[in-house]
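# Summary of the model geometry
Here's the letter readout for the chains.
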Amino acid sequence: MNTLAIYHFKGGVGKTAAAVNLAYLAAQSGLRTLLCDLDPQSSATYYFRVKPKFKAGAKGFLKGGQNFEKNIKGTDYKNLDLLPADFSFRNLDLELEQKKQPKQRFNRILSSFNKEYDYVLLDCPPNITIVAENIFNAVDYILVPIIPTTLSVRSYLQLLEFFKKKNYRRKKIFTFFSMVEGRKSLHKETIEYISANFKRVLKSQIPYLSAIERMGLRREPLVASSPGSSAARSYQKLWTELQETIKQEEK
Amino acid sequence: MEKTLTFDLPRDFDGESFLREFTTAHPVKREPVVNQTGVFYDTFDWRLYNKSLTLVQRQKEALLISSENGALMFSLNISAIPAFIRDFPDSAIREALQPIIEMRALLKLLQSRAQIMPLRILNDDEKTIARLVLSSEEISTPDDRKLILNRLFLEPLRGYEADFRKLAGYITDRSFPVARQHIFDRARKILSRKPAGYSTRLNIPLEPEMRADEAAKMILRFLLNIIRENENGIHKDIDTEFLHDFRVAVRRTRSLLQQLKNIFPPEITGRFRKDFARLGKTTNWLRDLDVYLLSETRYQAMLPEKLRFNIHPLFEYLQRERKKELRKINRVLNSGEYSQILNVWERFLNDAASEFPSTLGGSRPVLDVARERIYRRYRKILKSGRKITDNSPDEMLHSLRIECKRLRYLLEFFTNLFPGDEINRLIKQLKKLQDNLGLFQDFSVQEETLMGFVEKFNLENPENRQTILAIGALVGSLDSEKRAVRSAFANTFANFTSAENNSLFTELFSGL
């Protein structure tokens with residue numbers, strides 16, 4: 001089973017759009033896929049038309065076991081299930097702080113999906129709390145979308161620093177450029193700079209497209225609703241590149 | 001997690017009016033109509049049907065479905081189902097089917113073309129909460145007989161079980177019967193062979209007061225049927241079990257004739273014992289070849305890695321021999337002589353007494369004859385078995401094996417004359433002893449035959465040296481297994497002759 005977190009502590013960078021579309025692509029490729037929504041805003045849940053309710057709340061989520069059974073929902077798409085988030089997830093940090101080994105709890109949670117799923121994606125909340133550290137510990141890879149602007153890059157560097165300081169595996173992090181506006185010279189320069197100076201920067205970019213914004217209206221992954229569109233194709237490319245890069249990596 | 005429910009729809013089912021009504025209470029989204037093909041498989045002896053399983057090849061995948069509730073158990077992306085399980089790709093479905101199907105061929109029994117109308121049932125968020133599928137299916141047999149089946153499938157979606165149950169209730173309220181039937185049952189009218197209509201299990205409805213000769217004829221007619229039913233499969237070389245079932249029926253026929261000697265006129269018994277003996281003997285070599293060829297994987301596993309591939313030329317040789325032998329057997333089965341034997345035999349078995357004379361022994365009640373023979377056979381086994389020690393020659397075990405086989409056949413022939421639980425118990429106990437003796441004999445024969453094969457490989461040819469070496473290693477391995485089985489004999493026999501078993505045998509058969 002492979003696990004991938006879509007993460008950035010900065011909000012509005014295209015995390016959920018990526019999580020939703022990549023999860024759909026994973027499922028399409030034949031992998032039994034689970035998208036785990038960890039954001040109390042439950043956007044991924046909303047995109048799949050699932051009610052933002054997690055029976056037994058944050059406490060139940062951390063207990064796991066039957067609580068997952070009771071909450072996992074089949075999406076409208078073959079091979080793709082969703083573990084919804086609800087507003088009580090804002091308390092996950094508080095709940096975790098009270099536990100022993102508070103940064104290692106997600107390892108157990110993820111391993112409980114081992115038998116049923118081939119791929120688990122986590123749509124992460126935009127913060128850098130204990131929940132985030134749990135995620136860093138538990139997943140195989142972390143995919144970080146960055147908008148190619150100065151501030152966004154600054155956050156990215158802060159994240160890398162944090163990883164280094166806390167001794168997390170830098171090799172887990174992959175980056176891609178999200179909400180790219182090709183005409184903006186700032187974007188172009190930033191992309192060039194990052195690509196030249198950092199490792200594990202994927203070449204596939206997700207452009208800024210209104211279609212992606214409108215996903216919230218249509219409430220379905222855009223790769224499903226308009227597979228031929230340029231938005232869909234960019235997610236396709238991203239997925240393919242990510243899979244191949246990981247395969248190369250693991251050799 | 002709930003399972004898909006399948007409902008049978010009446011022939012005059014009006015899809016549109018049903019949907020009109022349905023959609024007033026439940027919003028749906030129609031999906032494009034799909035044309036679907038299916039080919040349904042089972043073995044000659046209905047192994048899947050007997051386990052309430054349906055194996056179907058759809059356009060691009062093979063599905064294994066529980067016919068009890070329509071639940072999908074396994075699927076495999078494959079464009080055509082292979083005839084043999086060994087040719088399936090490594091998969092969960094193969095693992096599940098292997099112990100059921102074993103070495104039998106999967107036969108195409110029904111084909112279907114269906115129009116599928118899938119619908120998504122939606123909640124107030126327009127989220128799909130279940131799927132409703134209407135299917136109109138034309139089923140046909142290989143010889144072109146047709147039937148139309150209309151069905152409704154209600155498929156659950158994970159996490160929406162409560163909704164599913166409500167929907168199921170709505171549909172059952174419309175009085176559509178839940179389809180519990182296997183598709184072969186639905187298609188009974190058009191199938192030329194009835195599902196579960198073939199079984200080699202002896203379950204002859206004998207009455208204790210029946211004349212022994214009439215009872216015997218009943219059993220023999222059943223066996224003759226088996227013999228006849230398997231001829232085509234042997235001829236077409238569909239799988240190895242047709243010949244096997246054929247031979248077992250022949251063997252049982254011979255055994256009955258031999259063990260109930262006085263119930264038929266001696267000319268009849270004498271003549272047909274000879275005929276069936278010849279028939280059995282003629283097919284011995286082909287059966288042996290089949291068994292060896294089926295053992296290739298097992299033998300390879302027994303060999304040291306270095307020699308594993310070297311055993312292959314032996315199997316190539318056996319394949320060639322088999323081709324020749326099969327042609328020979330087919331000539332025999334197509335011969336006038338063979339038809340004549342069976343036709344006269346059949347006339348004898350169906351004749352109600354006027355054409356062929358009867359004997360005094362034949363008019364005795366079958367229960368008496370059965371008891372007598374079984375008890376006698378049992379006592380003989382005790383006597384012979386008790387003489388066997390760890391140092392006894394192999395021959396004694398082989399003889400005992402034959403005695404046990406005779407007893408087993410008798411128990412099976414007359415099973416319905418005795419209380420079910422008890423006789424099944426005894427058969428089970430006897431089987432354990434037979435398994436030990438049978439295994440011992442198998443190893444002995446294999447060793448001998450394999451050593452015989454060595455002759456076929458010219459030592460002068462350097463390529464053959466490795467093959468001969470491999471055969472030698474195999475013989476060695478088999479021999480040590482044989483010795484292990486031999487040492488287990490004493491215990492196994494002691495278990496068979498336990499006080500419990502003995503009193504059961506005495507109670508049922510001694511007539512005291």
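Above this text sits the structure in question.
Okay, so let's go over this structure.

Conventions and cut-offs
Residues numbered from 1 in each chain as written. Chains lettered and ligands numbered in written order. Predicted model: local features only at pLDDT ≥ 70, side-chain atom pairs only at ≥ 80, totals over all residues. Heavy atoms only, no water. Helix = DSSP H or I, 4+ residues; strand = E, 2+ residues; numbered from the N terminus. Buried < 20%, exposed > 50% of the residue type's maximum accessible area, 1.4 Å probe, protein only. Contact = heavy atoms within 4.5 Å. Core = buried A, V, L, I, M, F, W, Y, C linked by side-chain atoms within 4.5 Å. Pairing = 2+ DSSP bridges. Right-handed = clockwise from strand over helix to strand, strands pointing away. Buried area = accessible area lost by both parts, 1.4 Å probe. Salt bridge = Lys/Arg side-chain N within 4 Å of Asp/Glu carboxyl O. Polar contact = N/O pair within 3.5 Å; in protein donor to acceptor, adjacent residues only side chain to side chain. Axes fitted to C-alpha atoms, helices over the stretch in contact; angles between N-to-C directions. Parallel < 35°, antiparallel > 145°, perpendicular 65-115°, else oblique. Left-handed = near helix turned anticlockwise from the far one by under 90°. Nonpolar A, V, L, I, M, F, W, Y, C, P; charged D, E, K, R; others polar. Phe/Tyr/Trp six-rings, centres within 6.5 Å; stacked < 30°, edge-to-face > 60°.

### Re the overall build of chain B
Looking only at helices and strands, chain B features 18 helices and nine strands. Along the first, second and third principal axes, the C-alpha atoms of chain B reach 80 × 70 × 50 Å. Within chain B, buried positions represent 51% of all 512 residues. Contacts in chain B between residues at least 24 apart in sequence constitute 70% of all its contacts with a sequence separation of at least 6.

### Quick look at the side chain of A:Thr190
Inspection of the secondary structure assignment puts A:Thr190 in helix H9 (residues 185-197). If we skip the residues at most four places from it in the chain, A:Thr190 touches A:Pro148, A:Thr149 and A:Val153.

### Observations regarding the nonpolar core
Counting residues in hydrophobic clusters, the biggest one holds 117 residues, and the most contacted among them are B:Phe414 and B:Phe509. Discounting residues that sit within four places of it in the chain, B:Phe414 has contacts with B:Leu206, B:Ile219, B:Leu260, B:Val366 and B:Ala370. One finds A:Ala44, A:Tyr47, A:Phe48 and B:Leu132 within the second-largest nonpolar core, a separate group that totals 61 residues.

### A word on the sheet that holds strand S4 (residues 80-83) of chain A
Residue and element names in this part refer to chain A. The mixed open sheet is built from eight strands, whose spatial order is S3-S4-S2-S5-S1-S6-S7-S8. Two strands bound the open sheet, and with one partner strand each, they are strand S3 (73-74) and strand S8 (201-207). Sheet topology note: the strand S2 (residues 33-37)/strand S5 (residues 119-123) ladder contains five bridges and is parallel. When the sheet's bridge partners are listed, Asp 37 is paired in S5 with Asp 123.

### What to know about the pairing of strand S4 (residues 53-57) of chain B
All names here are of chain B. Where burial is concerned, most of S4 is hidden: five out of the five residues are buried. Here S4 shows no split at all, with Leu 53, Leu 55 and Gln 57 on one side and Thr 54 and Val 56 on the other all buried. Here three bridges tie strand S3 (residues 34-42) to S4, and the two strands are oriented antiparallel to one another. When the bridges of S4 are listed, Phe 40 appears paired with Val 56. In this structure, S4 lies alongside strand S5 (residues 61-66), joined through five bridges in antiparallel fashion. When the sheet's bridge partners are listed, Leu 53 is paired in S5 with Ser 66.

### Looking at the pairing of strand S7 (residues 173-180) of chain A
Residue and element names in this part refer to chain A. Of all eight residues in S7, seven are buried, a share of seventy percent or more. Pairing of strand S6 (residues 141-146) with S7, which is carried by five bridges, proceeds in the parallel orientation. Bridge assignment links Pro 145 to a residue of S7, and that residue is Phe 176. Between S6 and its parallel partner S7, the chain crosses via helix H8 (residues 150-166), and the hand of that crossover is right-handed. The pairing of S7 with S8 spans four bridges and is parallel. If you follow Ser 178 over to S8, its bridge partner there is Ile 206. Once the chain exits S7 it traverses H9 before rejoining the sheet at S8, and the crossover so formed is right-handed.

### Examining the interface of chain B and chain A
Taken together, the contact between chain B and chain A spans 11 residues of the former and 14 residues of the latter. Both sides of the chain B and chain A interface together cover about 1100 Å² of buried area, and 32% of this is carbon and sulfur. Of all residues in chain B, the largest losses of buried area upon contact with chain A belong to B:Asp125, B:Lys127 and B:Arg158, amounting jointly to 58% of the total for that side. Applying the counting rule to chain B against chain A returns eight salt bridges. Of the charged contacts in the structure, one is a salt bridge between B:Arg158 and A:Asp81, with a shortest N-O distance of 3.5 Å. Linking chain B with chain A are 14 residue pairs in polar contact (both at pLDDT 80 or more), by the criterion used here.

### Here's the deal with the side chain of B:Arg158
Along the chain, B:Arg158 falls in the loop between strand S9 (146-156) and helix H4 (161-173). Within the structure, the side chain of B:Arg158 is placed 2.8 Å from the side chain of A:Glu69, a separation counted as a polar contact. A polar contact of 3.5 Å, which involves the side chain of B:Arg158, links it to the side chain of A:Asp81.

### Things to note about the pattern of salt bridges
All names here are of chain B. Under the counting rule described, the total for this entry stands at 53 salt bridges over all chains. For Arg 151, the salt bridge goes to Glu 137, with nearest N and O atoms at 2.8 Å. With Arg 151 in strand S9 and Glu 137 in strand S8 (residues 128-140), this pair connects stretches of sequence that are 14 residues apart. Taking the shortest distance from any N to any O, the salt bridge between Arg 271 and Asp 275 comes out at 3.6 Å. Separated by four residues within a single helix, Arg 271 and Asp 275 lie in helix H8 (residues 266-294), roughly one turn from each other.

### Side note on the packing of helix H6 (residues 212-235) of chain B against helix H11 (residues 336-350) of chain B
Residue and element names in this part refer to chain B. Closest axis-to-axis distance for the H6/H11 pair is 10 Å, and the angle between their directions is 150 degrees. Relative to H11, the element H6 lies roughly antiparallel. The element H6 and its partner H11 pack so that their crossing is left-handed. Contacts between H6 and H11 pair Lys 217, Leu 220, Arg 221, Leu 224, Ile 227, Arg 228 and Glu 231 from the former with Tyr 338, Leu 342, Asn 343, Trp 345, Glu 346, Phe 348, Leu 349 and Asn 350 from the latter. Across the contact of H6 with H11, the residue classes tally to eight nonpolar, two polar and five charged.

### Examining the packing of aromatic side chains
Summed over all chains, the structure comprises 45 aromatic pairs over all chains. Plain terms: the ring middles of A:Phe54 and A:Phe61 are 5.8 Å apart, the flat faces sit at 65 degrees to each other, and that makes the pair edge-to-face. We classify A:Phe61 as buried; its relative accessible area is 1%. Centroid distance B:Phe18 to B:Phe22: 5.7 Å. Interplanar angle 20 degrees. Geometry classified as stacked. Linking B:Phe18 with B:Phe22, this pair stays in helix H1 (residues 15-25), spanning four residues, or about one helical turn. Note on B:Phe18: relative accessible area 6%, which makes it buried.

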